[in-house]
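Read off the chains here:
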Amino acid sequence: MRRIEYKTDAQLAHMARAGLITSRALDATVAAAAPGVSTAELDRVFRGVLAEHGAGSNFLGYYDYPATVCTSVNDEVVHGIPGERTLSDGDMISIDGGATVQDAQGITWHGDSARTALIGNVSAARRELSEITRAALWHGIAAAATAKKVGEIGFAIENYVREETGDKYGIIEDFVGHGIGTSMHMAPDVLNYAARDLGARLKKGMALAIEPMLTTGGIETITLEDDWTIKTVDGGDACQWEHSIAIHSEGIWVLTAEDGGASELSKLGVTVKPIPA
């Protein structure tokens, strides 16, 4: 069984630095996403922000992955490889990326986050899919503030989606969230849906990447010939939003949000606490 990594507040503070760089790189990349822009150009923008901050990429070279972000367009769920494809008016693109920083001891700490960008004149259906996925993420994060076990996050995500939209959207089960810290993907798995097994207890020192992925159709997926890009089998649109969070000695903090998640979580009755210095 994989062991969960528990961090000190000081170590989580390094993760917050990686998370902030990740957030700012995504800010620039989402801002650059427009009709006629290639996904390769988006990768260059993200890579440039990492370089400006002296950060590394945890995507580039990961199992030989060739880029610093994943760019998944329309019916692509996750892991789309940036390339010559140019964005068109009305497209929807999920951009997933991360940054790494080192502490004084040379230990590497990871950040990981994803956002969906709407390109030009996007349909109401795609706008709703993105907004429901984004809101589901925040409901999952809010649950983590008071939950006893990791699986309660998935219950909160699914409950929100079903209460808001019934069975209108599929919730991807093939890909889930994860622990994060000295590696990008660590124990425990963080499901985006309700399951009988609630998994590990949530404890201080844990850091988790929460990343719901919703579809407008079925949840079956297929991997393309590039061995990375995941698409829906039925061609339905897919959407991903992701944040990394820390459970520290005084509360919860969203590592990949500029304000630690304060503005969004306050709407859900959760008060974030900065990681103690």
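As a starting point, this report considers the structure included with it. All figures in this text were calculated on a predicted structure; none of them were measured in a lab.

1. Quick notes on the pairing of strand E1 (residues 69-73)
At step 1: Buried residues dominate E1, accounting for 5 of its 5 residues.
At step 2: The alternating pattern of E1 places Val69, Thr71 and Val73 and Cys70 and Ser72 on opposite faces, both of which are buried.
At step 3: Relative to strand E3 (residues 92-97), E1 runs antiparallel, the two sharing 5 bridges. Bridged to Val73 within E3 is Ile93.

2. A few points about the nonpolar core
At step 1: Of all hydrophobic cores here, the largest spans 65 residues; its most connected members are Ile93, Ile141, Val161, Ile210, Ile245, Leu255 and Leu265.
At step 2: At 9 residues, helix H3 (residues 124-144) tops the list of elements feeding residues into this core.
At step 3: Sequence-distant contacts of Ile141, that is, excluding residues within four places in its chain, are made with Ile210, His243, Ile245, Ile252, Val254 and Leu265.

3. Quick look at the pattern of salt bridges
At step 1: Per the stated rule, a full pass over the model turns up 14 salt bridges.
At step 2: Ionic pairing is found between Lys267 and Glu264, a salt bridge with its closest N-O pair at 3.6 Å.
At step 3: One network of salt bridges, with partners in common, ties together Glu131, Arg134, Glu264 and Lys267.

4. Focus: unusual backbone geometry
At step 1: The residue after Ala187, namely Pro188, is reached through a cis peptide bond having omega 0°.
At step 2: Tracing the backbone through its elements, the reader meets Pro188 in strand E9 (residues 186-190).
At step 3: Of note, the phi angle at His79 is positive, near 70°, even though the residue is not glycine.
At step 4: With respect to the element layout, His79 can be found in the loop between strand E2 (76-78) and E3.
At step 5: A residue is classified by how much of its surface remains accessible, and His79, at 25% relative accessible area, is partly exposed.
At step 6: One non-glycine residue, Asp227, lies in the positive phi region at around 70°.

5. Points about the environment of Ile81
At step 1: Position of Ile81 relative to the elements: it lies in the loop between E2 and E3.
At step 2: A residue is classified by how much of its surface remains accessible, and Ile81, at 27% relative accessible area, is partly exposed.
At step 3: Spatially, the C-alpha atoms of Ile81 and Ala104 are 33 Å apart, while their sequence positions differ by 23 residues.

6. Quick notes on the pairing of strand E10 (residues 207-210)
Successive side chains on a regular strand alternate, one facing one side of the sheet and the next facing the other.
At step 1: Neither face of E10 is exposed, since Ala207 and Ala209 on one face and Leu208 and Ile210 on the opposite face are all buried.
At step 2: Sheet topology note: the strand E8 (residues 177-179)/E10 ladder contains 2 bridges and is antiparallel. Of the residues in E10, the one forming a bridge with Gly179 is Leu208.
At step 3: One ladder, built from 4 bridges, connects E10 with strand E15 (residues 243-248); its direction is antiparallel. Residue pairing across strands places Leu208 opposite Ile245, the latter belonging to E15.

7. A few points about helix H2 (residues 39-52)
At step 1: Between its terminal C-alpha atoms H2 stretches 20 Å, which fits the 20 Å expected from 14 residues at 1.5 Å a residue.
At step 2: For H2, every residue scored as buried is listed here: Thr39, Ala40, Leu42, Asp43, Phe46, Val49 and Leu50.
At step 3: Structurally, H2 contributes buried residues whose contacts are with helix H1 (9-32), E1 and E3.
At step 4: Within two residues after H2, Gly54 carries a phi angle of roughly 65°, on the positive side.

Conventions adopted
Residue positions are given per chain, counting from 1 as you read along its sequence in written order. Reporting of local features is limited, given that this is a predicted model, to residues whose pLDDT is at least 70; pairs of side-chain atoms are given and counted only at 80 or more, and all residues count toward the totals for whole chains, interfaces and linings. Hydrogens are left out, water is left out, and the side-chain values use all remaining heavy atoms of the structure. For each residue, the accessible area found with a 1.4 Å probe, counting protein chains only, is set against the maximum for its type, and the residue is called buried under 20%, exposed over 50%, and partly exposed in between. Under the DSSP-based scheme used, a helix requires at least four consecutive residues in state H or I and a strand at least two consecutive residues in state E, with every element numbered from the N terminus. A pair of strands is labelled paired if DSSP reports no fewer than 2 bridges between them. Residues belong to one nonpolar core when they are buried, are Ala, Val, Leu, Ile, Met, Phe, Trp, Tyr or Cys, and are joined through side-chain atoms within 4.5 Å. By definition, residues are in contact when any of their heavy atoms lie within 4.5 Å. Salt bridge, as used here, is a side-chain nitrogen of Lys or Arg placed within 4 Å of a carboxyl oxygen of Asp or Glu. Helix span, expected: 1.5 Å multiplied by one less than the number of residues in the helix.

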